[in-house]
Amino acid sequence: METENQNRITKLFGIKYPIIQAGMIWCSGWELASAVSNHGGLGIIGSGSMYPHILEDHIQKCKAATDRPFAVNLPMIYPDIDQHIELILKYRVPIVFTSAGNPKTWTGMLKENGIKVVHVVHGVKFALKAEAAGVDAVVAEGFEAGGHNGLDETTTLTLIPMVKQELQIPLIAAGGIGTGRGMLAAMALGADGVQIGSRFVASHESSAHLNFKNKVVETMDGGTKLTLKELTPVRLIKNDFFQRVEAAYQRDATVDELKELLGRGRAKKGMFEGDLTDGELEIGQIAGLINEIKPAAEIIDEILAEYAEARKELGTGKFQF
Ligand SMILES: Cc1cc2nc3c(=O)[nH]c(=O)nc-3n(C[C@H](O)[C@H](O)[C@H](O)COP(=O)(O)O)c2cc1C
C-alpha cells in the first residue's frame, strides 16, 4: 500500500502504519490478524499454540479475509516446526516473525523462498546475531512485555536505544507499548515501528477467552510479575496459580517441582478456556492502561490519533524543555 507517509517498516512490509500486532499464543488467530492488516497495520497469526492443521485453517481464513500482508509468528521451540514451515511455504505467507531460538536456523531458507524474516530478541548481542543471520528487521522486546521474556530484565526504555546504537536494519520496539504516547516514545528512542501484544489481547477479534480479556481490563499497575525464570521466564497476572508459584519459591522448590507445578496446558486453560484460578494468564505491565475491550480497528485509530496529538504537543509551549 503506497501512502505519502512511509518509513523503513511500512516500506518493508507494504503496510500503511508501523503498528504490528504481536503473535500471541491462544490470542492471535486469523480474525485478529486480518482485522489489523485490513486496517493498515501488520497482523500476525501466533502459531505457537496451533497444531499444523489448525495453523493451516488460520492461514487459509486469513488469506480469505484480507488481501493485505500478514505474518505468522514461529516460536522455534515448537515441536512441529517443520510442518509449520511447510505450510508457510505452501500458502506463500509473505512475512515470518521467528522467536525463541537461533535466527540462523531458518532465515536463509525462508529468504530464499522470498519470505521476509523478522526475529525477536531481548538484548543487543542477540539483535546483532539476528542481523548477521540475514533477517530483514529485529523486534527488541523489553522486560515490560507480556508472554515469555528475556532473563536480563532489560526495560524497553533502555533496550531500544542500546540496540539502535548498534543495529543497521529496521528496529521494531516491543514491551509496554499500548498507546499513541507509548508509540511516540518508542519511535523517539530510535524504533522504526512498534509491536503491540497486550493491548490487542483486549480486542473483540482476539481469540482469548472473555474472562481473560475482562481480567486484563481489571489488572492495574503491579498486577503482573515475571516469574518461572528457571523454566522459561514469563510475565503473569498475580492470580491463584501465580500465588502457588510464589509459595513454591518461598519453600525453595527445585526446578523439577516447579515443572510439576506448572504441568501442561496451563496457558490454554487460563487464556483460551478462561480459568482465572488455575490457568496461566500471560499479560504485560501495560495492562494497567487497558480499560476497555474494543475492536482492533478502533484500537489502531486511537493509537494513531494519540500519536499525532502527542507529536503536535511536543512542538508547543506545553513542553517546557
Ligand atoms: C498472551 C500473550 C502471548 C504471547 N505469545 C507469544 C508467542 O507465542 N510468541 C512470541 O514470540 N511472543 C509472544 N508474546 C509476546 C508478544 O509477541 C509481544 O512481543 C509482547 O506482547 C509485547 O509486549 P506488550 O505485551 O507489552 O505489548 C505473547 C504475549 C502475550 C501478551
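Scroll up a little and you will see the structure.
Everything quoted here is computed from the prediction, not taken from an experiment.

## Quick look at the sheet that holds strand β10 (residues 224-227)
Pairing is antiparallel in the open sheet, where three strands are placed in the order β7-β11-β10. One side of each edge strand has no neighbouring strand; the edge strands of this open sheet are β7 (147-148) and β10. Sheet strands in contact with helix α11 (residues 240-250) are β10 and β11 (234-237), and its direction is about 45° off that of β10.

## With respect to the packing of aromatic side chains
Two measures describe an aromatic ring pair: the distance that separates the ring centres and the angle between the ring planes. All chains considered together, the criterion is met by two aromatic pairs. A ring pair is formed by tryptophan 26 and phenylalanine 272, whose centres lie 5.0 Å apart and whose planes are at 40°; its orientation type is tilted. Residue tryptophan 26 is located in the loop between β1 (19-21) and α2 (30-38), and its partner phenylalanine 272 is located in helix α13 (residues 266-272); the two are separated by 246 residues in the primary sequence. The aromatic ring of phenylalanine 143 is capped on one face by arginine 235, whose charged end is 4.7 Å from the ring centroid.

## As for the pattern of salt bridges
Tallied over the entire structure, the rule returns 14 salt bridges. With its nearest N and O atoms 2.8 Å apart, the salt bridge here joins glutamate 302 to arginine 199. A residue pair is termed long-range when its members are at least 10 positions apart, and glutamate 302 in helix α14 (residues 296-314) and arginine 199 in helix α9 (residues 198-201) qualify at 103 residues. Of the charged contacts, one joins glutamate 292 and lysine 294 as a salt bridge, the two residues approaching to 3.9 Å between their closest N and O atoms.

## Brief notes about helix α3 (residues 52-65)
Helical geometry: 3.6 residues make up each α-helical turn, so side chains three or four residues apart lie on a common side. The end-to-end C-alpha distance of α3 is 20 Å, a good match for the 20 Å that 14 residues give at a rise of 1.5 Å each. Inspection of α3 places Pro52, Leu55, His58, Ile59 and Cys62 among the buried residues, and these make up the whole buried set. In a view along the axis of α3, the buried residues occupy a sector of 120°, so they form one face of it. Of the residues in α3, the exposed ones pointing more than 90 degrees away from the buried face are His53 and Ala64. Its buried side turned inward, α3 meets α2, β2 (43-46), β3 (70-75) and α4 (81-90).

## Considering the site of the ligand
Neighbouring residues of the ligand: 22 residues in total, closest Asn73, Ser99, Glu141, Gly176 and Ser198. A distance of 3.0 Å separates an oxygen atom of the ligand from a polar atom in the backbone of glycine 23. One of the side-chain N or O atoms of serine 99 is found 2.8 Å from an oxygen atom in the ligand. Protein chains bury 95% of the 590 Å² of accessible surface belonging to the ligand in isolation. Within the shell around the ligand, the residues separate by chemical class into 10 nonpolar, 10 polar and two charged.

## Comments concerning the sheet that holds β2
The eight strands lie next to each other as β1-β9-β8-β6-β5-β4-β3-β2, forming an open sheet whose pairing is parallel. The open sheet is flanked by β1 and β2, the only strands paired with a single partner. Strand-to-strand twist across the sheet, computed as the mean angle between neighbouring axes with direction ignored, equals 25°. Against the sheet, helix α6 (residues 124-132) contacts β5 (116-121) and β6 (137-141), and its axis sits at roughly 165° relative to β5.

Calculation notes
- Residues numbered from 1 in each chain as written.
- Predicted model: local features only at pLDDT ≥ 70, side-chain atom pairs only at ≥ 80, totals over all residues.
- Heavy atoms only, no water.
- Pairing = 2+ DSSP bridges.
- Helix = DSSP H or I, 4+ residues; strand = E, 2+ residues; numbered from the N terminus.
- Contact = heavy atoms within 4.5 Å.
- Axes fitted to C-alpha atoms, helices over the stretch in contact; angles between N-to-C directions.
- Phe/Tyr/Trp six-rings, centres within 6.5 Å; stacked < 30°, edge-to-face > 60°.
- Lys NZ or Arg CZ within 6 Å of the ring centre and 35° of its normal.
- Salt bridge = Lys/Arg side-chain N within 4 Å of Asp/Glu carboxyl O.
- Expected span 1.5 Å × (residues − 1).
- Buried < 20%, exposed > 50% of the residue type's maximum accessible area, 1.4 Å probe, protein only.
- Arc of directions from axis to C-beta.
- Near = heavy atom within 4 Å.
- Polar contact = N/O pair within 3.5 Å; in protein donor to acceptor, adjacent residues only side chain to side chain.
- Areas by Shrake-Rupley, 256 points an atom, 1.4 Å probe, with all protein chains shown as cover.
- Nonpolar A, V, L, I, M, F, W, Y, C, P; charged D, E, K, R; others polar.

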